[in-house]
Amino acid sequence: MEQQEEVTDFYDNLALDYELLYSDWEDHTRDEAGRIDAILRSALPFPAHRILDCACGIGTQAVGLAGLGYAVTGTDLSETAIARAGKNSERLGTQIQFRQADFRHLEEVVPADYDAVLALENALPHLLEPEDVLQAFSSMRSRLRPGGVMLISTRDYDSDRAAKITGTAPRIMDDGNRLAFQAWEWQSTDVYRLRYFLMSRQAEAQWTVKERVVRYRAWPRAELLSLAQAAGFAECRWLSPSESGYRQQLLLGYHPAS
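We now turn to the structure provided with this report.

1. Comments concerning the overall build of the chain
Secondary structure assignment for the chain yields eight helices and eleven strands. Computed over C-alpha atoms, the radius of gyration of the chain comes to 18 Å, within 12% of the 18 Å expected from 2.2 N^0.38 for 258 residues, which places it in the range of a compact globule. Seen through its principal axes, the chain has C-alpha atoms that stretch 60 × 45 × 35 Å. With 258 residues in all, the chain has 52% of them scored as buried. Restricting to contacts in the chain with at least 6 residues of sequence separation, those with at least 24 account for 65%. For the chain, the accessible surface area stands at approximately 11800 Å², while carbon and sulfur atoms represent 48% of it. Counting 27 positive and 38 negative side-chain charges, the chain places the averaged centre of each group 2 Å from the other.

2. A closer look at helix H4 (residues 79-91)
Note that an α-helix has 3.6 residues per turn; residues three or four places apart therefore point the same way. Compared with an ideal rise of 1.5 Å per residue, which puts 13 residues at 18 Å, H4 spans 19 Å between its outermost C-alpha atoms and is within 8% of the ideal. Residues of H4 that are buried: Ala81, Ile82, Ala85, Asn88 and Ser89. Taken end-on, H4 shows its buried residues confined to a sector of 120°, consistent with a single buried face. Exposed and oriented more than 90 degrees from the buried face of H4 are Glu79, Lys87 and Glu90. The secondary structure elements touched by the buried residues of H4 are helix H2 (25-43), helix H3 (60-67), strand S2 (71-76) and strand S3 (97-100). Near the N-terminus of H4, the side chain that reaches the backbone nitrogen of Thr80, with its oxygen 3.4 Å away, is that of Ser78. Positive backbone phi, approximately 75°, marks Gly93, located one or two places after H4.

3. Let's talk about the sheet that holds strand S8 (residues 191-200)
Strand order across the open sheet formed by four strands is S6-S7-S8-S9, with antiparallel pairing between neighbours. Both edges of this open sheet fall to strand S6 (171-173) and strand S9 (208-217), since each of them pairs with a single strand only. Across the sheet, the axes of successive neighbouring strands diverge by a mean angle of 20°, strand direction being ignored. Helix H1 (residues 2-14) contacts S8 and S9 of the sheet and is inclined by roughly 150° relative to S9.

4. A short note on the nonpolar core
The biggest cluster of nonpolar side chains holds 30 residues, and the ones touching the most others in it are Leu40 and Leu65. Where this core is concerned, the elements lending two or more residues are H2, H3, H4, strand S4 (114-119), strand S5 (144-154) and strand S11 (249-254). Contacts of Leu65, omitting those with residues within four sequence positions, involve Ala33, Ile36, Asp37, Ile51, Tyr70, Val72 and Leu118. Of all hydrophobic cores here, the second largest spans 29 residues; its members include Ile152, Leu227, Ala231 and Cys236.

5. Observations concerning the pattern of salt bridges
Inspection of the entire model under this criterion finds 22 salt bridges. Among the ionic pairs, Asp27 bridges to Arg30, the shortest N-O distance being 3.9 Å. With Asp27 and Arg30 both in helix H2 and three residues apart, the pair spans about one turn of that helix. Using a relative accessible area of 42% as the deciding quantity, one classes Asp27 as partly exposed. For Asp190, the salt bridge goes to Arg217, with nearest N and O atoms at 3.1 Å. Of the two residues, Asp190 sits in the loop between strand S7 (178-186) and S8 while Arg217 sits in strand S9, which places them 27 residues apart along the sequence. Just as Asp190 is buried, Arg217 falls in that class too. What you see here is one network of salt bridges that share partners, running through Glu185, Arg193, Arg195 and Glu211.

Rules used throughout
Think of each chain on its own: its residues are numbered from 1, step by step along the sequence as written. Where totals are concerned, whole chains, interfaces and linings use all residues; where local detail is concerned, this predicted model gives features only for residues with pLDDT of at least 70, and gives and counts side-chain atom pairs only at 80 or more. Side-chain figures throughout are based on the complete set of non-hydrogen atoms in the structure, without hydrogens or water. Secondary structure elements are defined from DSSP: runs of H or I of at least 4 residues count as helices, runs of E of at least 2 residues count as strands, and each element is numbered from the N terminus. Atoms counted for the radius of gyration: C-alpha only. Globule rule: 2.2 Å times the number of residues to the power 0.38. Burial status follows relative accessibility: with a 1.4 Å probe on protein chains alone, a residue under 20% of its type maximum counts as buried, one over 50% as exposed, and anything between as partly exposed. For this analysis, residues touch if any pair of their heavy atoms sits within 4.5 Å. Here, Shrake-Rupley sampling with a 1.4 Å probe gives the accessible areas, and only protein chains in the shown set may cover a residue. Asp and Glu are treated as the negative residues and Lys and Arg as the positive ones, with His and the ends of the chain left uncounted. A charge is said to be at NZ when it belongs to Lys, at CZ for Arg, at CG for Asp and at CD for Glu. Multiplying 1.5 Å by the residue count of a helix minus one yields the expected span of that helix. Relevant arc is that of directions from the helix axis to the C-beta atoms, nothing else. By the criterion applied in these results, polar contacts are pairs of N or O atoms within 3.5 Å in which, for protein atoms, one can donate a hydrogen and the other can accept it, and in which residues neighboring in sequence qualify only through two side-chain atoms. Paired strands, in this sense, are two strands between which DSSP finds at least two bridges. Here, axes are lines fitted to C-alpha atoms. For helices the fit covers the stretch in contact, and angles between N-to-C directions go from 0 to 180 degrees. For this analysis, a nonpolar core means a set of buried residues of the types Ala, Val, Leu, Ile, Met, Phe, Trp, Tyr and Cys, connected via side-chain atoms within 4.5 Å. Criterion for a salt bridge: a side-chain nitrogen of Lys or Arg within 4 Å of a carboxyl oxygen of Asp or Glu.

Here you go:
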């Protein structure tokens, strides 16, 4: 419960200016949609139509996919993010159903007939315990039609752990007037406290700094693959960015067709 409240608070606050983490958020949504569309077309034996984005945030992937003609439902733990997603969808002229939900309990709010379930942007590693990840995978599988596909994206934690990563380099935007970067404080061999900083200024004015804090577990690929299989997913495999064209590694698994 403590971790759930921590994650909710993190995204409630981050949703207020999430678009500022990108040089052009709308362009980013279109790029994301195009890459995910290509992956779904390659992965599924039938045309995908209904998509559940169960970690939709402010709609970064959901809005772009709806713009390509998919029937999208977006869910997220953060009520503030869901409200922002609805406004973004309306502003960009897409029709999306948004609902607040924990992706461990999707069966409480959405039907079980989706062609694809997505949880992108390193959302799953907010779950720190194996039983919670297993519950999330089971809930996602329960919302898929037979033959449907799950796509999860995470950081490459195998590499991050080996390199003992302590943060990310600043991303410089808006002609140097906006910076975003992360600092990691490792609390154990696989759990770290992330401090997300967004710095901005108007012209030569004084810098404004916003900090958000949340924990992640640096799950190795093998552990998440095993948990997905334990939840009943079939043909599970990891796709590297060079294989998929997506910027993070992707865990793909299928609802058994029979």
